[in-house]
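# Secondary and tertiary structure notes
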Amino acid sequence: MKNISQKSWFSLSIKNNNSINLDFLYFKFYKYLIGTTELNGKYIFYFDSSNIKIVKKILDLKLKEFHFEIKNLKYENWHKKYQENFQIIDINHKLKIVPDWYDIDYNHDIDYIRIVPGMAFGTGHHETTQLIIKSLLDIIKPGFKILDLGAGSGILSIAALKFGASYVKAIEYDQDCEENFIENMILNNIKSNYSLEINDVLLNKDFSYDLVVANINKNVILDLLPIIYKYKKNKFKIILSGLLLNDEKVVVKLLSKLDFKVLNTVKMGEWLCLIVE
C-alpha cells in the first residue's frame, strides 16, 4: 500500500444547477467513486488516479453533454489547502470535529473528534456525515454494538465509540482508506473495541448488531437492503445516508416492500438521512 503522501487522485467538478441530475451521475460513477463533496456552488467527485482512463472513457461515451472540470490532486496540495481553510464543525455545544493540527483546549467541557484529512469527504464537512453523527447522538445507548458500512476515514466509528458503543465493526471497500482509518483511531486514543475489514459491504452476512450505519449511495443501499432483510436475525435500527433528496421515494418504496419501518427522516441541503427499523 502506498503511503498517503505518495498517492494521487483526480476530481471532476461540475456547477450545481437545476439541470444537473446527481442521481444519474452517481449511477455512472459509483463503481469507481471514492468520495464527493459540494463546494462553492460545485459538485465534486473524487477518484483514485488509477481510474482516470476508465472515467474519461465514461465521460466520452456517456456524459458528453456535461461540462466537467478535471483536476489532478496530490496529498501536499489538498493537505495544505485544508490547513489554510479548515473550518471547525460544531455538531452540538459539546462536540466538535477538528483537524489533527488543531490546538485543543481541554479546560472546556467539550469533546473532540480529531481527523487527519485524507480527502474532503473524510473530514466531517459533508452533510451526510453530520446527519449521521447527529442521529448517532440520539440513538446510541451505552454498550451498543455497531456495524459501520462504508467506513472511509473512520469518523462515524469514532463518533459511535465516543457516544458509548462497546464495539464497532467497520467495513470499507477501498484499501487505501485503511491507513487513514487507523491513524484517526490512534489520534482519538482509540486502541481497541473496533475492527476494520477491507471488503465489499454487499458480501457481509452478519447483522447481529444493535445499530447498522450505511453512509454510501443510493445504488449500493438498494442492493444492500435485501441482503440485510435476508440475513437479519433480530430487530435493530439502521441509519441510511449518502442519499439525495430525490432518492427518498425509491428507497422508501423498497423499505416498505421489505417490511422495514421509517422512524425518522432528516435533511440537510440536498441530502437525506433515514432512520429505519
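Read on for a plain summary of the structure.

Rules and cut-offs
- Residues numbered from 1 in each chain as written.
- Predicted model: local features only at pLDDT ≥ 70, side-chain atom pairs only at ≥ 80, totals over all residues.
- Heavy atoms only, no water.
- Phe/Tyr/Trp six-rings, centres within 6.5 Å; stacked < 30°, edge-to-face > 60°.
- Helix = DSSP H or I, 4+ residues; strand = E, 2+ residues; numbered from the N terminus.
- Buried < 20%, exposed > 50% of the residue type's maximum accessible area, 1.4 Å probe, protein only.
- Pairing = 2+ DSSP bridges.
- Axes fitted to C-alpha atoms, helices over the stretch in contact; angles between N-to-C directions.
- Contact = heavy atoms within 4.5 Å.
- Arc of directions from axis to C-beta.
- Core = buried A, V, L, I, M, F, W, Y, C linked by side-chain atoms within 4.5 Å.

What follows covers the packing of aromatic side chains. Evaluated as defined, the whole model comprises four aromatic pairs. Between the aromatic rings of F10 and F47, the centroid separation amounts to 5.1 Å while the plane-to-plane angle is 15°, which identifies the pairing as stacked. One end of the pair, F10, is in strand β1 (residues 8-15); the other, F47, is in strand β3 (residues 42-48), and 37 residues separate them in sequence. Here F10 matches F47 in class, with each residue buried.

Looking now at the sheet that holds strand β5 (residues 89-92). Sheet strands pair via backbone hydrogen bonds, and the direction of the pair is either parallel or antiparallel. Pairing is mixed across the open sheet formed by three strands, whose spatial order is β5-β6-β7. Where the open sheet ends on each side, the last strands, each with one partner, are β5 and β7 (111-115). On average, each strand axis in the sheet is tilted by 25° relative to the strand beside it, whichever way the strands run. Along the sheet, helix α4 (residues 127-139) contacts β5 and β6 (95-99); its crossing angle with β5, the most-contacted strand, is approximately 30°.

On to helix α2 (residues 52-62), then. Among all positions of α2, only V55, I58 and L59 are buried. Buried residues of α2, viewed axially, fall in a sector of 100°; they line one side. Opposite the buried face of α2, by more than 90 degrees, sit the exposed residues K53, K57 and L61.

Attention shifts here to the nonpolar core. Counting residues in each nonpolar core, the largest one holds 51 residues, and the members touching the most others are F29, F45 and F68. Among the elements that make up this core, the one with the highest residue count is helix α5 (residues 155-162) (six residues). With near-sequence residues (within four places) excluded, F68 lies in contact with L12, S13, I14, L25, F29, F45, L59 and L63. Counting residues in each nonpolar core, the second largest holds 26 residues, with I238, V251, L258 and L272 among its members.

What follows covers the side chain of S13. Tracing the sequence through the fold places S13 in strand β1. We classify S13 as buried; its relative accessible area is 9%. Setting aside residues no more than four positions away along its own chain, S13 makes contact with K42, Y43, I44, H67, F68 and E69.

This brings us to the sheet that holds strand β8 (residues 145-149). In spatial order, the strands read β10-β9-β8-β11-β12-β14-β13; together these seven strands make up an open sheet with mixed pairing. Only two strands of the sheet have a single neighbouring strand rather than two, namely β10 (194-198) and β13 (262-268). On average, adjacent strands in this sheet sit at an angle of 15° to one another, irrespective of strand direction. Across four bridges, the pairing between β8 and strand β11 (residues 211-215) is parallel. Residue pairing for β11: D148 is matched across the bridge by V213. Its contacts with the sheet place α4 against β11, β12 (237-244), β13 and β14 (271-276), and it is angled at close to 165° to β12. Relative to β10, helix α6 (residues 178-187) is tilted by about 170°, and along the sheet it contacts β9 (167-172) and β10.

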